[in-house]
Amino acid sequence: MPTVWEYILNFMYPLYCEVCGRALAADNKRRLCSYCWEKVSLPNSPYCPRPDIKSRVYFNQVRAVGKYEGILKQCIHLVKYKKKTALTRALSELMVGHIKNHFDIDKIDYLIPVPLYRRQYRKRGFNQTELLIDGIGKHFNKKVINNNLKRIKNTKPQYKLNKDARIENLRDSFFVRKPGVFGKKSVLLIDDVYTTGTTVNECSKVLYKAGVRLINVLVLAHGS
Amino acid sequence: MNKSLIGIVVAYITGIISAYFFNFPYKEMGLLAIFVFLLSLFLFERKRFLLGLIIFYLAVILTGIGYYEYRARCSSSLISPFLNTKKEVIIRGTIKSDIDIRPDRRIFLLKSESIQDSKGSHLVKGKLQVTYAPGDFSSRLDDFPFQYRDTVEMKGRIYLSRDITVPGVFDYRKYLQRQGISGLVFVRDADKITKIGHNYRALDFFNRSVIAIRYRLSKVISQSLPEPEASVLSGILLGRRKAVPLEIQDAFSDTGMMHMLAVSGLHVGLVAAIFLLFFRRIYIPHKTGALLTIAVVFIYAFITGARPSAMRAAIMAGVALVAFVLERDKNFYNSLAIACLFILIVNPLDLFNVGFQLSFSATLAILYFAPKIQKILPLKPQWLFNIIAVTTSAQIGVIPIVACYFNKVSLVGILSNIIIIPFVGIIVGIGLFTFFVSFLGIFFVQVLGFVNGLLISGMVGIIKFFSGLPYAFVYVCTPSIIFMGSYYIFAGWIGQLKSFKDFKKFGFVLLITLVIWFSYSKLARSDKLSVTFLDVGQGDAVFLEFPDRSNMLIDGGGTLSSNFSIGERIILPFLWHKRVPKINRMVLTHPHYNHLDGLLDVLKYFKVGKVFINGQNYISGEYREFLDIIEKKHIPMEILRASVEMTIGNDIVWKVLNPLDLDKSDTDRAIDNNSIVSRFIYGDFSMLFTGDIREEIQNELARQAIRSTVLQVPNHAKGKISQRFLLKVNPECVIISAETYGENALGDLRNSAIYSTSSCGTIVLATDGQTYHISTVKENH
């Protein structure tokens, strides 16, 4: 049952499915109608993209919730470029489900989002990965560490570049401020889109050097 | 779009409009509304949703009616016994507004607590507008020591301007009443107003800081700019339109730019955008920035006087920013509906405010048309085409309302807006920036002021250039409700057209409507002769509409007052309201100012078929001008003498009975006696217009057959009326066009029904040649 507050809010700002535009109930938290939610949350069988990198792979395991296509792709676009940040709730719900099935959450100490460069963060106003990870952290009652892994170079967007340029673009752009915090811990690194794996691998590299014992990676979508 | 929200707004407005036209008792309406509301809840409970919804809307309508009645009828009744009594009373009350500083006066609102007259002190709560204007203004105005929330005691008369009874004329009295102001007080001497204390409250903090910011802003503006740029900027930035010199105001209104001088969406949007960007620039998180911007926007709306257009824009901006904070979709139709509901709950009388109507119709049209126009014109640079789309849409929305209230449509409006709006953006930006920089020192203020001054004078120059273009604007007659309704229906329909088939259907219906409308307006014939005696004070102005749809204007009234033009304020609006395309015949009975002045503007702005005068040789500036315009516009002119006889249409005979010959002497009496006297005969009905003829000419006329059903009493019933003349005319009914007239006149006229414009207001007489019917605006007494 929607609360009175939700009723009033829905009266002033009616909710619609962000993907297909159907009117939603006042207490809908996902901002997706049941059809779109069903489609996006279809079990996409444990989907394990291979890290497609010539250099050394620093993480132990990587998983994606789904393919970077269809409604999932639309949702990520809406969040990143149309600022529909409310959709991250549905997306982190997806990730929570995936973690339950494929990760042993008890063995993970910290959740870490892939950071944005400061200027980009301020321009966009939020880091979509942080929003995703907040929901996950709250659900499993795990500590989220936002500010220890930093991006210190304003890099070009990866999707515009080819494979080699991607690696070159991201070289030395991540940095761990206090390596002590991560020492001997196991972490779950989270990002939104995984294409060649360069970004998460660069992050994992600095995390590994900071002494992290086990690095698991979970991304929302894997694009080819 | 939330249909139930919009339904509520529509229902509420319906209620207000019905209360405006009909009288309802508000207490009963309120009780009924509660009852109906409970009924709808009961129906909802029983799952009868459709019926419940209908009943619910009915409850909203009833609420609108009851609330309007409560607000409209109850506020002014307490003060009314003290109104226009011409006796000085002692008023005690609290200053409820900022002091409005004008060059020659100070104006503020006073919430009265008690009024003391000769009979004693009365507790009277009401809102009064006080004007303090000492005769030798410059010296004593500067030490006007009162401010917001002071309690003062003042001696003065409470008055309200005469209510306007001419249809189509702006009613200042109603305008004041809509704002809850039930009387005006004029104080001339500083010693008639004294401070007796103050009435500060903790809650006034907001108002006091708003006043402080406004004061600071106007100070910065006057420091940074010379006149008239300073007043133009305070007009644009603070919505202080009245401070702007009249000629510049006229240029703004001729070019359809008046909305620049009323704080509205453009200004509020600019302020919101400037602050949002500024907060982002200084790395305030986006949501916090949005919340801060909401505060800024509302403070800005209050600084500018919280007028409906500013409040509308502020509420809409607020609703949109809250949507951003709540991560919800914003829908501007909903925001508009919320703004509308909010403003009309605070004051339901605002619905009849021109600014409210213009603001909401413009916004609605922008929301509806602008995206559609942008789709048709997806060109670069985008910002330019955005401005074009928004301006065009706003014009589509406001043109009928502008025509309705101002009878003026700007043809260069869209073009001038497109050029000026970017200017205004920069000017407002620099103006605000100057305000913040002013804390750093006067130097920066002056530098920025110099830049802004150049921009403002450039802008004013462009506007003046546009207003000087031939056909920058045209005068139009007041559109009828049906015309406005069909305009909006067709405009809305155009927005829905998608295919060529739709277009054909649209064109077909439009064509049929035009044919029906055109043939109705051309073919509809009435057999009615209608005569309107306009309420122009101590003067004559009579408008006749004949059965063949031609018309005649006899005299135009006039006053000696230099700041009130009867022609511009009364005669022209009346003729536009009547939708008169052309004055077929204009008669000047004699060239005295109170018959002549109002005709000048008619000659200037209307096509006139023929002018009839008596050929009097009379020296006055107005008469000279009158003849000059006639000559310049090549209007045929005829000098009338007794025994001239004409037929108008097939049925009406117009007989001229005077002057037989001009009395050449130069006295007022002779000029009066040379008045054209006309008698109109329509079937069994006849009517005598006598101008200002005095007793001797009346006696002379008594020799002829002048028996008439209706007589317009000669010379405003001022002097003695010849009994012989009255006996001979033997009118069933007499009409006196005057502000005051002698009591003895009433005795002379006792055998007839008496109607006078002073007590009845404007009088309309309609006849079909057999019977006649007289209707008046006010009750006859």
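The present account deals with the structure reproduced in this document.

What follows is about the interface of chain A and chain B. Counting residues at the interface gives 20 residues for chain A and 17 residues for chain B. In this assembly, chain A packs against chain B so that about 1,600 Å² is buried in total across both faces, 51% of it on carbon and sulfur atoms. Of all residues in chain A, F11, Y13 and R122 of chain A give up the largest surface area on contact with chain B, accounting jointly for 41% of the area buried on that side. In this structure, the connection of chain A to chain B is made through seven residue pairs in polar contact (both at pLDDT 80 or more). Elements supplying a minimum of two residues to the side of chain A that touches chain B: α1 (4–12) and α5 (118–124) of chain A. Broken down by element, the side of chain A that touches chain B gets its largest block of residues, four residues, from α1 of chain A.

With that out of the way, let us pick up the nonpolar core. Within the largest apolar cluster, 89 residues are counted, with the highest numbers of intra-cluster contacts made by V232, L237, F252, L344 and M459 of chain B. When residues in this core are grouped by element, the largest group, nine residues, is from helix α11 (residues 308–325) of chain B. Formed by 37 residues, the second largest nonpolar core is a distinct cluster that contains L32, W37, L72 and I108 of chain A.

So, on to the pairing of strand β14 (residues 583–587) of chain B. Residues and elements named next belong to chain B. The element β14 is extensively covered by neighbouring structure, given that four of its five residues are classed as buried. Here three bridges tie strand β13 (residues 551–554) to β14, and the two strands are oriented parallel to one another. Bridging across to β14, M552 finds its partner in R585. Direction of pairing for β14 relative to strand β15 (residues 608–613): parallel, over a ladder of four bridges. Looking at β15, one finds that R585 is bridged to K610. Tracing the backbone out of β14, into helix α20 (residues 593–605) and back to the parallel element β15 gives a crossover that is right-handed.

Bringing the sheet that holds β15 of chain B into the picture now. Residue and element names in this part refer to chain B. Spatially, eight strands are ordered β16-β15-β14-β13-β12-β11-β24-β25 in an open sheet, and the strand pairing comes out mixed. The open sheet is flanked by β16 (637–639) and β25 (772–776), the only strands paired with a single partner. Taken pair by pair, the neighbouring strands of this sheet meet at an average axis angle of 15°, ignoring direction. Along the sheet face, helix α21 (residues 621–632) touches β14, β15 and β16 and points at about 140° away from the line of β15.

Residues and elements named next belong to chain B. A contiguous nonpolar patch, built from L31, I34, F37, L38 and L41 and spanning about 490 Å² of accessible area, is present on the exposed surface. Mapped onto the elements of the fold, L31 is located in helix α2 (residues 26–45). According to the relative accessible area criterion, L31 is exposed, its value standing at 61%.

Right, let's talk about helix α7 (residues 229–238) of chain B for a bit. Think of an α-helix as turning once every 3.6 residues; residues three or four places apart then point the same way. Residue and element names in this part refer to chain B. Within α7, 10 of the 10 residues are buried, leaving the element largely enclosed by the surrounding structure. Those residues of α7 that fall on the buried side of the exposure criterion are E229, A230, S231, V232, L233, S234, G235, I236, L237 and L238. Elements that come into contact with the buried residues of α7 comprise α6 (205–224), α8 (246–254), α9 (265–281), α10 (286–303), α15 (413–437) and α16 (442–468). Note on α7: the residue one or two positions beyond its end, G239, has a positive phi of about 65°.

Should their charged atoms come close, side chains of opposite charge can pair. All names here are of chain B. This model, assessed by the stated rule, comprises 23 salt bridges over all chains. One salt bridge in this structure joins K578 and E545, with 3.3 Å as the shortest N-O distance. Of this pair, K578 sits in the loop between α19 (566–577) and β14 while E545 sits in strand β12 (residues 542–545); the two residues are 33 residues apart in sequence, bridging distant segments of the chain. Judged by relative accessible area, which is 29%, K578 ranks as partly exposed.

The subject of this paragraph is the packing of helix α14 (residues 382–406) of chain B against α15 of chain B. Residue and element names in this part refer to chain B. Direction vectors running N to C along α14 and α15 enclose 135°, while the axes themselves pass 9 Å from each other. With respect to α15, the axis of α14 lies oblique. Where α14 crosses over α15, the handedness of that crossing is right-handed. Every residue of α15 that contacts α14 at W383, L384, I387, I388, T391, T392 and Q395 is listed here: G413, I414, N417, I418, I421 and P422. Within the contact of α14 with α15, the residues separate by chemical class into eight nonpolar, five polar and no charged.

Moving on to the side chain of N594 of chain B. Residues and elements named next belong to chain B. Position of N594 relative to the elements: it lies in helix α20. A residue is classified by how much of its surface remains accessible, and N594, at 8% relative accessible area, is buried. Within polar-contact distance, the side chain of N594 engages the backbone oxygen of Q538 at 3.3 Å. Apart from the residues within four sequence positions on either side, N594 is in contact with Q538, G539, D540, G557, G558 and H716.

Strand pairing in a sheet takes place through backbone hydrogen bonds and is either antiparallel or parallel in direction. All names here are of chain A. The strand order β1-β7-β6-β2-β3 describes an open sheet built from five strands, whose pairing is parallel. Each edge of the sheet is formed by a strand with only one pairing partner; in this case those strands are β1 (61–67) and β3 (143–144). Of the strands in this sheet, β1, β6 (186–194) and β7 (214–222) are in contact with helix α3 (residues 70–82), which crosses β7 at around 100°.

Basis of the calculations
- Throughout, a residue's number is its position along its own chain's written sequence, starting from 1.
- Each chain gets a letter, beginning with A, and each ligand a number, beginning with 1, in the order they are written.
- Owing to the predicted nature of the model, reporting of local features is limited to residues with pLDDT of at least 70; listing and counting of side-chain atom pairs is limited to 80 or more, with chain, interface and lining totals taken over all residues.
- By convention in this description, side-chain values take in all heavy atoms of the structure and omit both hydrogens and water.
- Whether two residues touch is decided by their heavy atoms; if any such pair falls within 4.5 Å, the residues are in contact.
- By convention, the term buried area covers the 1.4 Å-probe accessible surface removed from two parts as they join, with the contributions of both added.
- Think of a polar contact as two N or O atoms within 3.5 Å of one another; within protein, one of them needs to be a possible hydrogen donor and the other a possible acceptor, and neighboring residues in sequence only count if both atoms come from side chains.
- Counting from the N terminus, the helices are DSSP H or I runs at least four residues long and the strands are E runs at least two residues long.
- Remark: nonpolar core denotes a set of buried residues (Ala, Val, Leu, Ile, Met, Phe, Trp, Tyr, Cys) joined through side-chain atoms within 4.5 Å.
- Relative accessibility under 20% of the residue-type maximum defines a buried residue, over 50% an exposed one, and the middle range a partly exposed one, all with a 1.4 Å probe and only protein chains included.
- Two strands qualify as a pair provided DSSP detects at least 2 bridges between them.
- Handedness rule for crossovers: strands pointing away from the viewer, path from the first strand over the helix to the second running clockwise, crossover right-handed.
- Axes here refer to lines fitted to C-alpha atoms; in helices the fit is confined to the stretch in contact. Angles between the N-to-C directions go from 0 to 180 degrees.
- Candidates for patches are residues over 30% relative accessible area with no salt bridge; among them, like charges are joined within 9 Å and nonpolar side chains (Val, Leu, Ile, Met, Phe, Trp, Tyr) within 5 Å.
- Accessibility throughout is a Shrake-Rupley quantity obtained with a 1.4 Å probe, and a residue counts as covered only by protein chains that appear here.
- Think of a salt bridge as a Lys or Arg side-chain nitrogen and an Asp or Glu carboxyl oxygen that are within 4 Å of each other.
- For classification, angles of less than 35 degrees are called roughly parallel, those exceeding 145 degrees roughly antiparallel, those between 65 and 115 degrees roughly perpendicular, and all remaining angles oblique.
- Take the far helix as the reference: if the near one is turned anticlockwise from it by less than a right angle, the crossing is left-handed, and if turned clockwise, right-handed.
- Following the grouping adopted for this structure description, the nonpolar residues are Ala, Val, Leu, Ile, Met, Phe, Trp, Tyr, Cys and Pro, the charged ones are Asp, Glu, Lys and Arg, and the polar ones are all others, Gly among them.

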